[in-house]
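Below, each chain spelled out in residue letters.
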Amino acid sequence: MAVNNPYQAYQQNSVTQSTPGELTLMLYNGCLKFLNQAKKGIETNNIELKNTNIQKAQNILREFMVTLDMSQSVSGSMASLYEFMINRLVEANINNDMEKIEEVYALTLEFRDTWKQVIQINRQKQYGTPGEI
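Now for a look at the structure at hand. (Residues numbered from 1 in each chain as written. Predicted model: local features only at pLDDT ≥ 70, side-chain atom pairs only at ≥ 80, totals over all residues. Heavy atoms only, no water.)

### What about helix H3 (residues 47-66)?
Here is step 1: Taking 1.5 Å per residue, 20 residues should reach 28 Å; H3 reaches 28 Å between its end C-alpha atoms and fits that length.
Here is step 2: Restricting attention to buried positions, one finds in H3 the residues Lys50, Asn53, Ile54, Ala57, Gln58, Ile60, Leu61 and Phe64. Here the buried residues of H3 occupy an arc of 155° about the axis, which is enough to place them on one side. Across from the buried face of H3, at angles greater than 90 degrees, the exposed residues are Glu48 and Val66.
Here is step 3: Of the surrounding secondary structure, the elements contacted by the buried residues of H3 are helix H2 (20-43), helix H4 (73-95) and helix H5 (98-127).
Here is step 4: With a side-chain oxygen positioned 3.3 Å from the backbone nitrogen of Glu48, the residue opening H3 is Asn46. (Helix = DSSP H or I, 4+ residues; strand = E, 2+ residues; numbered from the N terminus. Expected span 1.5 Å × (residues − 1). Buried < 20%, exposed > 50% of the residue type's maximum accessible area, 1.4 Å probe, protein only. Arc of directions from axis to C-beta. Contact = heavy atoms within 4.5 Å. Polar contact = N/O pair within 3.5 Å; in protein donor to acceptor, adjacent residues only side chain to side chain.)

Pasting the structure below:
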């Protein structure tokens with residue numbers, strides 16, 4: 001008999017029951033978490049921790065790039081920004097450059113906060129009440 005991990009079940013449910021907007025928010029939050037872990041790797045001289053988490057953050061940014069709707073005018077600019085961020089992370093990984101990770105972190109945080117506002121505005125329009133995320 002298999003023992004279920006309640007935390008894993010909660011995570012699975014939160015992903016499967018989330019809207020696309022909420023999933024995007026989760027990805028931004030994951031990217032921020034991985035960037036923090038990469039900074040920790042640099043601080044502790046743990047090259048594996050730094051490298052693994054930079055690659056995870058880059059994978060999320062790549063996912064954002066490939067899912068852009070290029071028929072929208074803003075998508076070209078977003079693609080360029082994501083590409084810039086990925087390249088900064090390559091440089092950060094090669095040179096153990098905390099400042100470049102901080103730069104990508106700041107951009108990711110700004111995107112995440114903007115996305116969070118969009119979700120809140122859409123919820124207000126849909127349900128007529130402000131909701132916390």
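### Re the layout of surface pockets
Here is step 1: Taken as a whole, the largest pocket encloses approximately 420 Å³ of empty space.
Here is step 2: Contributing to the lining of the largest pocket are 15 residues, with Tyr28, Leu68, Met78, Tyr82 and Trp115 lying nearest its centre.
Here is step 3: When its residues are assigned to classes, the lining of the largest pocket shows 9 nonpolar, 5 polar and 1 charged. (1 Å grid on protein atoms, 1.4 Å probe; cavity = no way out; pocket = protein on both sides within 12 Å on 5 of 7 lines; lining within 4 Å. Points joined across faces, edges and corners; volume = space filled by probe spheres on them. Nonpolar A, V, L, I, M, F, W, Y, C, P; charged D, E, K, R; others polar.)

### Points about the side chain of Lys39
Here is step 1: Here Lys39 is to be found in helix H2.
Here is step 2: When its relative accessible area of 11% is taken as the criterion, Lys39 is described as buried.
Here is step 3: Among the polar contacts listed, one links the side chain of Lys39 to the side chain of Glu102, at a separation of 3.1 Å.
Here is step 4: Among residues more than four places away in sequence, those in contact with Lys39 are Met98, Ile101, Glu102 and Tyr105.

### Structural notes on the packing of H3 against H4
Here is step 1: For the pair H3 and H4, the least separation of the axes is 9 Å and the interaxial angle reads 170°. When the axis of H3 is compared with that of H4, the two are roughly antiparallel. Counting all contacts with H3, which are made through Lys50, Asn51, Ile54, Ala57, Gln58, Leu61, Arg62, Phe64 and Met65, the residues of H4 involved are Ala79, Tyr82, Glu83, Met85, Ile86, Leu89, Val90, Ala92 and Asn93. (Axes fitted to C-alpha atoms, helices over the stretch in contact; angles between N-to-C directions. Parallel < 35°, antiparallel > 145°, perpendicular 65-115°, else oblique.)

### Remarks on the packing of aromatic side chains
Here is step 1: As enumerated under the stated definition, the model contains 4 aromatic pairs in all.
Here is step 2: Judged by centre distance (6.4 Å) and plane angle (55°), the rings of Tyr28 and Phe111 are tilted. Taken together, the residues span a long stretch of sequence, with Tyr28 in helix H2 and Phe111 in helix H5 at a distance of 83 residues.
Here is step 3: Taken together, Tyr28, Phe64, Tyr82 and Phe111 form an aromatic cluster joined through their ring pairs. (Phe/Tyr/Trp six-rings, centres within 6.5 Å; stacked < 30°, edge-to-face > 60°.)

### Here's the deal with unusual backbone geometry
Here is step 1: Positioned with a positive phi, Asn45 is a non-glycine residue whose angle comes to about 60°.
Here is step 2: Checked against the element boundaries, Asn45 lands in the loop between H2 and H3.
Here is step 3: By relative accessible area, which is 61% here, Asn45 ends up exposed.
Here is step 4: Located in the positive-phi region is Asn96, a residue other than glycine, with phi close to 50°.

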